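# A look at the structure
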Amino acid sequence: MSAADTTTPAKVPPPRQAPPPPAGEPPRANRPSGGNAVPWLLLAPCLLILALVMGYPLARLVTLSFQKFGQSQLWGFQPAESVGFDNFAKVLGDGEFWTVVVRTIVFAAGAVVFTMVIGMAIALLLQRVSGWLKVLINIVLVASWGMPVIVATTVFKWLFDSDYGVFNALLSKLPGVEMIGHNWFASGPEGLAVIMLLVVWGAVPFVVITLSAGLTQVPKELEEAARLDGAGSWGVFRYVTLPVLKPIIVMLTTLSVIWDMGVFPQVFVMRGGHPEPEFQVLNTYSYDRAFVVNDYAQGSAIALVTVLLLLGVVAVYMRQMLKIGEVE
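Of all hydrophobic cores here, the largest spans 32 residues; its most connected members are Phe-97, Leu-211 and Leu-282. Of all the secondary-structure elements, those providing two or more residues to this core are helix 4 (86-92), helix 5 (95-126), helix 9 (188-215), helix 11 (233-261), helix 13 (282-291) and helix 14 (296-327). In this structure Leu-282 touches Phe-97, Val-100, Val-101, Thr-104, Met-261, Ile-302, Thr-306 and Leu-309, once residues within four positions along its chain are discounted. One finds Phe-185, Leu-198, Val-267 and Phe-279 within the second-largest nonpolar core, a separate group that totals 25 residues.

Pasting the structure below:
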């Protein structure tokens, strides 16, 4: 008999079993949990503030657009009367309104194109410059981005002043160019071009910073593979960089369209609080109808049409993002 045969095997204790749940208590897996309500409780203060700050003004805007509401109704001398779609019929049947719509779309399209092109060019440039120069450019961008709109508008008014403007003085130094005394705001197209330059100047920093962050996510190995396949700088940018940046570009373009179609302080301040007819865009036109002509109902109708146009832009943005998500 061997030693192994005389050794008593060790006894393994049986596995412990969980005690059964008390009678009347549902199993843990089926027990209702309050975890789903926690996010909504945390969001409740923010949603309440949004409802008060944005919900009530929007509801009031819709209500006014279907009423007859002027100074008499504002001061309580007469009650507000429901007029149905009369305000929208007057607005949509006014040729001046459609002129303003076309002007706003052209202005916004030009500002968005210049903003995106200049922003992309600067973002690509930042990838190639040295560290100290990149820091300096970023400081300048953030400083210009943080400048209040009123201050920036005042600076541009001085830059393009007909008598003391720096821009006219610099152009006059070119051979055969005499711009001293030239009034940029004597005509609508030139004046709107100056205002567009102001809008682009204020929007470029955000685009540059966002695109610079996106460029850091472009895989370097894909760029090297494209170069090995014979692609030049434009080919690498078109077939490698742009597809990676497409979601960011779509987002920035949509935000820029919304911001540039809703431009107000640049035009209002640049024209001293009284924009001429050739400088009117949708927001200033709505303000003029409401607070200069004192037809608050028609001003509300114009503002509501503007909101619907912007909602169309948002719908296009959501569709593009869903397509990008399906591709990914």
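Next comes the rest of the account.
So, on to the pattern of salt bridges. Enumeration over the complete set of coordinates arrives at 4 salt bridges. In this structure, Arg-289 engages Asp-94 in a salt bridge whose closest nitrogen and oxygen atoms are separated by 3.7 Å. One end of the pair, Arg-289, is in helix 13; the other, Asp-94, is in the loop between helix 4 and helix 5, with 195 residues separating them in the sequence. Its relative accessible area of 24% is what places Asp-94 among the partly exposed residues. Close ionic contact of Glu-276 with Arg-271 constitutes a salt bridge, the shortest N to O distance being 2.8 Å. Since its relative accessible area comes to 18%, Arg-271 is described here as buried. Through salt bridges with shared partners, a single network forms among Asp-94, Glu-96 and Arg-289.

This part covers helix 5. Along an α-helix, a turn takes 3.6 residues, which lines up residues three or four apart on a common side. Spanning 32 residues, helix 5 covers 46 Å between terminal C-alpha atoms, matching the ideal 46 Å at 1.5 Å per step. Of the residues that open helix 5, the one with a side-chain oxygen 3.1 Å from the backbone nitrogen of Glu-96 is Asp-94.

This part covers unusual backbone geometry. Here the phi dihedral of Asn-294 falls at roughly 65 degrees; this positive angle occurs in a residue that is not glycine. On the secondary structure map, Asn-294 appears in the loop between helix 13 and helix 14. Judged by relative accessible area, Asn-294 falls into the partly exposed class, the value being 24%.

What counts, and where the lines are drawn
Residues numbered from 1 in each chain as written. Predicted model: local features only at pLDDT ≥ 70, side-chain atom pairs only at ≥ 80, totals over all residues. Heavy atoms only, no water. Core = buried A, V, L, I, M, F, W, Y, C linked by side-chain atoms within 4.5 Å. Buried < 20%, exposed > 50% of the residue type's maximum accessible area, 1.4 Å probe, protein only. Helix = DSSP H or I, 4+ residues; strand = E, 2+ residues; numbered from the N terminus. Contact = heavy atoms within 4.5 Å. Salt bridge = Lys/Arg side-chain N within 4 Å of Asp/Glu carboxyl O. Expected span 1.5 Å × (residues − 1). Polar contact = N/O pair within 3.5 Å; in protein donor to acceptor, adjacent residues only side chain to side chain.

Any functional reading would require information beyond the geometric quantities listed.
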